[in-house]
Structure formats: structure tokens, C-alpha cells
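Secondary and tertiary structure notes
Residue-level listing of the chains:
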Amino acid sequence: MTANQSHIGLRALTSPMLLTLIISVLRLSPAAEAFASPSSLFTHSVLFRETPSSSPSRGTHGHYALAASPSSIPTEDSAIDNADDESSSSPEAIFEQFAQFVIQHQTSMIAEIEQADGSDVAFSKDGWGAFENNGKSDNTKSGGITRVIQGGNVVEKGACSLTIIRNGVLTADRAATIRGRQDSIDGGDDDDGLVIQEGDVYSAAALSVVLHTKNPFVPTFRSDVRIFLVKSAEKDGKSVAWFGGGSDLTPYYLIDQDVIDFHTHLKKMCDDAFPTDDNQFNLSYRQMKQSCDEYFYLPARSEHRGTGGIFFDDLPATQSTCAFVKNVAKGWMPSWLPIVEKNGKREYNEEEKHWQCLRRGRYLEFNLLYDRGVKFGLANANPRVEGVMVSAPPKIAFDYNHVPEVGSEEERLLEILKSPKDWV
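Residues numbered from 1 in each chain as written. Predicted model: local features only at pLDDT ≥ 70, side-chain atom pairs only at ≥ 80, totals over all residues. Heavy atoms only, no water.

**Points about the overall build of the protein chain**
A count of helices and strands for the protein chain gives 11 helices and 11 strands. Restricting the contact set of the protein chain to residue pairs at least 6 apart, pairs at least 24 apart contribute 77%. (Helix = DSSP H or I, 4+ residues; strand = E, 2+ residues; numbered from the N terminus. Contact = heavy atoms within 4.5 Å.)

**Brief notes about the pattern of salt bridges**
Taken as a whole and assessed by the stated rule, the structure comprises 21 salt bridges. Between D293 and K289 there is a salt bridge, with the nearest N and O atoms lying 2.7 Å from each other. With D293 and K289 both in helix α5 (residues 285–295), this residue pair falls 4 residues apart, about one helical turn. Both residues of the pair, D293 and K289, belong to the buried class. The residue E303 makes a salt bridge to R362 at a minimum N-O spacing of 2.9 Å. Placement of the pair is E303 in strand β10 (residues 303–304) and R362 in helix α8 (residues 350–369), with a sequence separation of 59 residues. Neither E303 nor R362 differs from the other in exposure class; each is buried. (Salt bridge = Lys/Arg side-chain N within 4 Å of Asp/Glu carboxyl O. Buried < 20%, exposed > 50% of the residue type's maximum accessible area, 1.4 Å probe, protein only.)

**Details of the nonpolar core**
Core analysis: the biggest nonpolar cluster contains 57 residues, and F324, W332 and W336 have the highest contact counts within it. When residues of this core are assigned to their parent elements, the largest contribution, 10 residues, is made by helix α2 (residues 91–117). Judged by nonpolar contacts, the second largest core, of 15 residues, contains L254, A397, L413 and I416. (Core = buried A, V, L, I, M, F, W, Y, C linked by side-chain atoms within 4.5 Å.)

**Remarks on the side chain of R362**
Classification of R362 by relative accessible area gives buried; the value is 18%. Each residue touching R362, except ones within four places of it in the same chain, is listed here: L298, R301 and E303.

**Remarks on the sheet that holds strand β3 (residues 124–129)**
As summarised here, the arrangement of the 7 strands in space is β3-β4-β5-β6-β7-β8-β11, forming an open sheet in which the pairing is antiparallel. Where the open sheet ends on each side, the last strands, each with one partner, are β3 and β11 (308–316). The average undirected angle you get between the axes of adjacent strands in this sheet is 5°. Pairing between strand β7 (residues 220–231) and strand β8 (residues 239–250): 12 bridges, direction antiparallel. Within β8, the position partnered with L229 by the bridge is A241. (Pairing = 2+ DSSP bridges. Axes fitted to C-alpha atoms, helices over the stretch in contact; angles between N-to-C directions.)

What follows is the structure, encoded as C-alpha cells:
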């Protein structure tokens, strides 16, 4: 396998072509954080996700590389390209490790959010499958937990969704779609990879959170992490797994230092994991930031949804990439809560609240018009609408031909959304 072949296909997400990205099984499409069933979750994996035609095609497509045999396990703080033998566990073992992490992290993160909110309002708990009736997870079954808070002091509406799919079986159509994606990446050279076939077994795990804030001076926060595993039905039983995830801000009023601090947190985390531009995965904060900007884009408005963050996909699952993705999730609250502490009690007026609702309209507009997961979820027969739409803002506004006042803070935000900047 060449160095180029081992590069992940993160920037391929921004291609105007329709791409079938198997890792996006768990894209919990930043808008559709919860799904109705194991089958509907998997269907998200092979959706053709089309990004705006105005976004340039960039980078090298990802290579579906198999994790190597065990050797050594670096610590979570280890830099990825410092571990030559870093594919130290089987993909199945990494999957189970990550699945247990997201289960535990959902609980701990919700406790943090409730404490920061400081109200008597708590997250509801809606479990299904293995988590039905609030029972403990059965690691042989699929299931999920949707947690929702509404009417808090800080969070006007928020959702934190956990999904774990186990032992699904690929249909011929789905396997062919994935196989075609492999061929487009490596030209059919699968000597060191897994050739996906009908009957192969897949599993997936993901955790996502969307927090819509009451105060217009605190941005909406969105994030997710996910893993997708495929095991061959052949006697050799080869398996392969990939990670994806990210986090981003959608501010209503641009407080530059808040955005700078948020991106500084992300950049340090990425630089620690991928310290050079020629690291094993050819991955950097700059690439992930650009992919985030390009995905969350409303072409009809010629504007981006927010001030971005990071977005990555097709990251081969190894112990050190698992450590990186865990650190992404662990950093969600430390990157956002300082903004809450700084601005959560700031006074605002009706006009500023109305502007927040107008911008939330753009958030919903993106979800319904451009987010492939939401569109698919709502098109399903008997969709679980509440689950698909769980990330929608609580209140929105659409004013005809609304134009911000010249020189206003509202106009300044729009200028940034139309032309994203480098914050660090």
C-alpha cells in the first residue's frame, strides 16, 4: 500500500460528485442524531451525500485499509505518527472499546450539561432495543438512547443521542455500493483490504449532541463521533473499521475571542495527534476545518451555517486513532462551556432574540434541504419523525427579505458566514 493510499478521504467529502462513504453510516448526519431502527441507521451509510456544487473538489479519496495485527497499545496522549506498530488491536476489539466509551460518555456529558444549565429541568431518556426500559446495554443487541432537554436556563433545547448497531448483514445492493466506492478509491487493488461482499456483517456506534441555547450570545453547539465495522463472511473473517466525527459552532452574534478560543482548542488537540503535515494519515486541523466549512454550506444563500470547527471521516480504526476520537468527544464540553460561563447570563433584547430565531431558520433550512440523513429519514415509510428531527431548533423565524442594518453586528456575522476566515 502506498502512502497516498493510506490517506483518509476526509476532503473528498467536499467533492461535487455523489459519493458513497461507508463510514458515513454513522454520520448521524449532524442533523439527524437519532434513528428509528438498526436498518434505517445502516441505510444512512450508503446514502449518496452531495455537497454544494460551488465547493471545490479537493484531496485524495480515502483507502479502506485493514488494521494490522496487535503489537503495542499507545496511551491516549500518544501522537499518532509516533507509533509504528499502532494498529495494536483487532477492529472488533477497538469497536467494543469505543462502544463502551460512548455509552459512558453520554452519561457523564449529560451530567455536565445539566450542572451548567443550573435549572430544575433534566434530560429525558428514551431508550430502544438493547436500552429499552432504561436497562443496561446488552452487548449482543442493537439499540440506542435519545436524551432531550427543553426549557433550561442555558439550553433552550438540546439532544444527546447514542446509537449502537450490532451484527447487521449487508444486502447485495449495499455491498455493491460499498465495493464500488472501494474501486473508485484504490483502482480495485484490494490485496491489503477487505473486499466487501453480500452477507458481510457490520456494526456501528455513535454519539452526537446538539445544544440550542436560550441566550443569543451563546452559540449553538453540534458534535458527533462514530465508528463503523465490517467483518467478512468468508472463512478468513477479515474485518475493517473506520472512525468519523467532529464539532462546530453556530453563533448568532460574533464574539471573536470565543470563536478563536474554540478553534484554538481544536487545533491543539489535532496538532498533538497529528504533529506534522506528512503524518501517517496526512491529516491536520487545517484540512478538518476546511471540510467542516465546506459541508455546512447553504448554496442557495451563498453562506455557511456557522463559524465551523472540524470534520473528519474514513479514519482507519487503530488504538491511537481511537484515542484521538475519544479526545474529540472528551473536549466537547471544555471547548463550549467556557463560552456559556462567559455569556450565558448576558442581557439581550427582543430584537436580538428575533435575530437568533432568524438564524435558527437557516439551521433548519440546512437540515431539511441539504442534510442527506434528514431527507432520507423523513422519506422512509413510517419514519420516527421525533428521532429524525430531534436536533431541530425549538423556535425559528422566517422574515421575508430580511436585510441587517448596515454596520450592525448582524451584518458583520453575515459577512463572516459568506466568507469563512482562519480563526487560528
